[in-house]
Structure formats: C-alpha cells, structure tokens
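Inside the fold
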Amino acid sequence: MRYEIDNALLKSLLPAVVQAEDMLARLDERAARSPVGEGFTERGHFFDAAGALWVAGELVHIEDLVLHDAHMDSRTPSHELTIAHAVLRARRRIWTADPTWALSAAGLNALAGAGLDEGTAPEIKSLRPVEEEADDPDELLAAELAEIDAVLARSQKLLDAHIGKEAEPEERPKEKRSDDPLGLFGDDEWDEGLRLADWRAVLPLAGDLPPVLAAAVLFEAWERIEPLRRQNWLGGLLASSHLRARGKVASHLFSFYGGLKTVRHERRRSRDRLTRLLAFLEAMSESAATGLKEMDRLTLARTQMELRFRDRRSNSSLPQLADFVLSRPMVSSAMVAKQLKVTSRGALNLLNEIGIREMTGRGRYRAWGIL
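Numbers given for residues are sequential positions, taken from 1 along each chain in its written order. For this predicted model, a pLDDT threshold of at least 70 governs which residues receive local features, and a threshold of 80 or more governs which side-chain atom pairs are given and counted, while totals over whole chains, interfaces and linings are taken from all residues. Working from all heavy atoms in the structure, the side-chain values ignore hydrogens and water.

Some details on helix 2 (residues 37–55)
With 19 residues, helix 2 should cover 27 Å at 1.5 Å per step; its first-to-last C-alpha distance of 26 Å lies within 8% of that length. Only protein chains enter the accessibility calculation, which uses a 1.4 Å probe; a residue whose area is less than 20% of its type maximum is buried, one above 50% is exposed, and one in between is partly exposed. Secondary structure elements are defined from DSSP: runs of H or I of at least 4 residues count as helices, runs of E of at least 2 residues count as strands, and each element is numbered from the N terminus. Counting buried residues along helix 2, 15 of its 19 residues qualify, which places the element largely inside the surrounding structure. Once helix 2 ends, the next one or two residues include Gly-57, with phi positive near 95 degrees. Each helix should span, by expectation, one fewer than its residue count multiplied by 1.5 Å.

Quick look at the structure:
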C-alpha cells in the first residue's frame, strides 16, 4: 500500500495544519516552563488512556482507572479497565524511553508484545474498598472468594478453548506464534508482521512532512492498515511519539485521544481521506486547547495550595501532597496514606488542611481532586 500527499490535498489541509502547529507549539512551551508540568504530564496518561477506550466505543471511568493503577480496586476489574491500564502502561513506557524508541523496530516489537497480557489485571494485593474505616471481615472474605472465582472462570475458558483445538486438529493453524503457544489468538489471514511493515513504510514519507501533518498521516495510515487488531489503540500513542521525536511536543507525551474523542465518528471513519485528515488535525488542535485550560486550572490550584503551607515547618508533608494531588485526576485517603507513608487519619487531616474539594459527597469511599 502506497501513501502519497499531492499538492491539491496539501493545499486543502494547510489552514488546519497551521492552526494545529500553532496550538501545539503554545502547549509545549507552556508545559515546559510551568511548575505543574510534571503533574500535567502524569494526569495526561490517565485521560488519554480513557480517551482511547472512548474512541473504541468503551466507557472507562477515570476514578476506576486511578484506583486500578494504585492496586486499590473496589471491585473486580472489567476487561475494558484492564485494556485502559495497558494503554496507561504503554504511555508511561514510551515517555520514559528515548524519543525515537517507540517508532523503531525494537520499540514497535516491544509495544506490540505488551498487549498480549491485556486481559490480565495487575497483581492486586487486596480487593478491599478504599475507605477510612476498617472493613467487615465477611466483606473481605466475599471479595477474596469473588476474585478466586473470576480466576477459575478465566482458566476454565482457556482450557475449554484449548481442548476444542485439540479435538479438531484439521482446523488447527499450521504455524503458531511463538508468543501464543495455545493458538488462541492466531489468524492466518491477518499477518500482523506484514501489516506493521506496511505501516513502517509510511515513516519515510512522514519524515518529509511538517510534524503535525506527519502525525496525522501516520495515524490515518494506522487506521487504514490496522496492523494490530487487539492493540489498535497503539496508533494514537505512536502519533504522539512522532511529535515528541520531531521536537514538536517535547515537554510531555501529547494526549492525542483526548481531542480525538470530541470529533464525530462519521468524520473519523469517513471514506474521504481529506475528511479523515482534517478530523485528526482538528483533534490535535482541540486536545492542545484542552491541555492549556487544564494547565490553567492546575496552576491556580497549586497557587491556592501553596498559600496554605507557605508558613509551615520545613518537614511538612503538605508540599508532597500537593505534588501528588496534581499528578492524579483524583486521590483517596488510602492512596495518600500509602504515598506519604502516614496513617489514614493523618491522610484525612492533610487533605482537610490543603483545601482541595471532596468529589463524591459521601461519608464513606470518598475521593478528592481538582475540579
């Protein structure tokens, strides 16, 4: 499959490209100089992961994703939630690596293999609900039994599928992927290696285009080629990685899906290539505008929190709490206690002193955040 950008198409895209280039440059400059830049970067991972699932037609609540990432789930994680967490982990891995790593052959192979365990939740020490008071022992036992039942059900499903493959040897794939010994996910008609090679063939063309237009072209090619069926969300992360590798957004990993979810599905999946590219460019402009507003909110919140611990003693935990609150869409008292290594009561006292708003309006299972 060959991709080209003719002059007529480029002329039609030029206004949207200029607007997106300007918005991304403003966002990058602001994030690089802002005192809340680190918190903004970490929060962006959560919002982009939830946005990736939104674009795929699944709803994942930010609160559940934050608790799942902290190993403090209040219930057994859903399949969609574990996929969202896989997106979150992939974004963190790309951000901590070299800017060019994700688009290299080694990086693509590593990221493509990262989704093989997307249906497996991270190890959870306890499914105990996040609260300030001690839990009922019967509720704890019921939660543990529910977790064991879920593990047994998944194991039985895999065994049944494997037995079915053994019973029909004539339908078994001739070759199995080395990373799929049971043959559960193989598809002879869907050569992921070949499709990834087709997508990587677009990279030289993208290198000759302006960074923002190149990111839109790479994402559009990913959507058309669909190299990875079970990790189609990786396309937006690679587009963001390209922006970082080109130096357009170097201060953080751009939240591409945060803006894409605001674009109508009919435009994202249009048969007209010009409409799709315009939609992706508009998504980048919208995400940048949202990021600037988010940074304004975080800056104002940090200023208000600093007023509360300006005259405190030097070993006060409030500055650490402020940084932690800025890096998460929401926090619970248990998360604060674990992060700052204080008691639950001490965490509640710190949350009351720092002056952030309680989000749930409940007496139990409460959460705080910057609204």
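So that's the structure; there's more coming.
Digging into the packing of aromatic side chains
Under the pairing criterion, centres of Phe, Tyr and Trp rings, with the six-membered ring standing for Trp, must be within 6.5 Å; the plane angle then separates stacked pairs below 30 degrees from edge-to-face pairs above 60, leaving the rest tilted. In this structure the tally under the stated criterion is five aromatic pairs. Centroid distance Phe-219 to Tyr-257: 6.2 Å. Interplanar angle 75 degrees. Geometry classified as edge-to-face. Of the two residues, Phe-219 sits in helix 9 (residues 211–225) while Tyr-257 sits in helix 11 (residues 256–260), which places them 38 residues apart along the sequence. Using a relative accessible area of 2% as the deciding quantity, one classes Phe-219 as buried. The class of Tyr-257 is buried, set by a relative accessible area of 2%. A centroid spacing of 6.0 Å and a plane angle of 75 degrees characterise the contact between Phe-256 and Tyr-257, whose relative ring orientation is edge-to-face. Across the ring face of Trp-54, the terminal group of Lys-261 is positioned such that the distance to the ring centre comes to 5.8 Å. Put simply, a charge is over a ring when the Lys NZ or the Arg CZ is close to the ring centre, within 6 Å, and near the line of the ring normal, within 35 degrees.

Examining the confidence of the model for the protein chain
Summarising the model, the protein chain shows a mean pLDDT of 83, and 80% of its residues fall at 70 or more. The pLDDT value tells you how sure the predictor is about a given residue, anywhere from 0 up to 100. When pLDDT is averaged over each helix and strand of the protein chain, the minimum, 63, is found for helix 6 (residues 137–167) and the maximum, 96, for helix 10 (residues 234–245). Throughout residues 114–135 the model reports pLDDT below 50, and contacts reaching past four residues in sequence, or to other chains, amount to 60 contacts. Every residue pair with non-hydrogen atoms within 4.5 Å of one another is taken to be in contact. Confidence drops under a pLDDT of 50 for residues 165–186, and excluding neighbours within four residues, the segment shows 19 contacts in the predicted structure.

So, the nonpolar core
Ranked by internal contacts, the top residues of the largest apolar core, which has 101 residues, are Trp-199, Trp-233, Leu-238, Phe-254, Met-284 and Leu-321. Among the elements that line this core, the one with the most residues is helix 13 (residues 273–309), at 13 residues. Among residues more than four places away in sequence, those in contact with Leu-321 are Val-336, Leu-340, Leu-350, Leu-351 and Ile-354. Take the buried residues of types Ala, Val, Leu, Ile, Met, Phe, Trp, Tyr and Cys, join any two whose side-chain atoms come within 4.5 Å, and each joined set is a nonpolar core.

Quick notes on the packing of helix 9 against helix 13
Orientation of helix 9 relative to helix 13, taken along the N-to-C sense of each, is 125 degrees, at an axis distance of 9 Å. Classified by the angle their axes make, helix 9 and helix 13 are oblique. Handedness of the helix 9/helix 13 crossing: right-handed. Together, Val-212, Leu-213, Ala-215, Ala-216, Val-217, Phe-219, Glu-220, Glu-223 and Arg-224 of helix 9 and Arg-273, Arg-276, Leu-277, Phe-280, Leu-281 and Met-284 of helix 13 make up the contact between the two elements. Between N-to-C directions, angles span 0 to 180 degrees; the directions come from axes that are lines fitted to C-alpha atoms, helices contributing only their stretch in contact. Here is the rule for angles: anything less than 35 degrees is roughly parallel, anything more than 145 is roughly antiparallel, 65 through 115 is roughly perpendicular, and the remaining ranges are oblique. Crossings are classed by handedness, with left-handed meaning an anticlockwise turn of the near helix from the far one by less than a right angle and right-handed meaning a clockwise turn.

Here's the deal with the environment of Leu-238
Position of Leu-238 among the secondary structure elements: in helix 10. Sequence separation of Leu-238 and Leu-253 is 15 residues, and the distance between their C-alpha atoms is 10.0 Å. Sequence-distant contacts of Leu-238, defined by excluding residues within four places in its chain, comprise Ala-102, Leu-103, Leu-108, Leu-111, Trp-199 and Trp-222.

What about the pattern of salt bridges?
Think of a salt bridge as a Lys or Arg side-chain nitrogen and an Asp or Glu carboxyl oxygen that are within 4 Å of each other. Tallied over the entire structure, the rule returns 18 salt bridges. Each member of the salt-bridge network shares a partner with another, and the members are Glu-42, Asp-69, Arg-92 and Arg-328.

Remarks on the side chain of Thr-41
Tracing the backbone shows Thr-41 in helix 2. Since its relative accessible area comes to 9%, Thr-41 is described here as buried. The contacts of Thr-41, once residues within four sequence positions are left out, are Trp-95, Ser-251 and His-252.

As for unusual backbone geometry
Excluding glycine, residues mostly have negative phi values, and the peptide bonds linking residues are mostly trans. Phi at Glu-226 is positive, roughly 50 degrees, even though this residue is not glycine. The phi dihedral of Lys-341 is positive, around 60 degrees, even though this residue is not glycine. Positionally, Lys-341 belongs in the loop between helix 15 (333–340) and helix 16 (344–354).

Notes on the environment of Ala-367
Tracing the chain through its elements places Ala-367 in the loop between strand 1 (357–358) and strand 2 (368–369). Classification of Ala-367 as buried rests on a relative accessible area of 6%. Spatially, the C-alpha atom of Ala-367 lies 5.5 Å from that of Val-331, the residues being 36 residues apart in sequence. Among residues more than four places away in sequence, those in contact with Ala-367 are Met-330, Val-331, Arg-357, Glu-358, Met-359 and Thr-360.

With respect to the side chain of Arg-268
Relative to the assigned elements, Arg-268 resides in helix 12 (residues 265–268). Notably, Arg-268 is buried but unbridged: the nearest opposite-charge side chain belongs to Glu-223, and the N-O separation is 6.5 Å. Of note is the side chain of Arg-268, whose polar atom sits 2.7 Å from the backbone oxygen of Val-263. When neighbours within four sequence positions are excluded, Arg-268 is seen to be in contact with Val-55, Leu-260, Val-263, Arg-276, Ala-279 and Phe-280. Only four residue types enter the charge count: Lys and Arg as positive, Asp and Glu as negative, with His and the chain ends excluded. Pairs of N or O atoms within 3.5 Å make up the polar contacts considered here, provided that, within protein, one atom can donate a hydrogen while the other can accept it, and that residues adjacent in sequence are counted only when both atoms are side-chain atoms.

Structural notes on the packing of helix 1 (residues 7–33) against helix 9
Packing of helix 1 against helix 9 leaves a shortest axis separation of 8 Å and a crossing angle of 110 degrees. Classified by the interaxial angle, the pair formed by helix 1 and helix 9 is roughly perpendicular. For the pair helix 1 and helix 9, the crossing hand works out as right-handed. In this structure, helix 1 uses Leu-10, Leu-13, Val-17, Ala-20, Glu-21 and Leu-24 to contact helix 9, whose residues at the interface are Pro-211, Val-212 and Leu-213. Taken together, the residues of the contact of helix 1 with helix 9 sort by class into eight nonpolar, no polar and one charged. In this classification, the charged set is Asp, Glu, Lys and Arg, the nonpolar set is Ala, Val, Leu, Ile, Met, Phe, Trp, Tyr, Cys and Pro, and all remaining amino acids, among them Gly, are polar.

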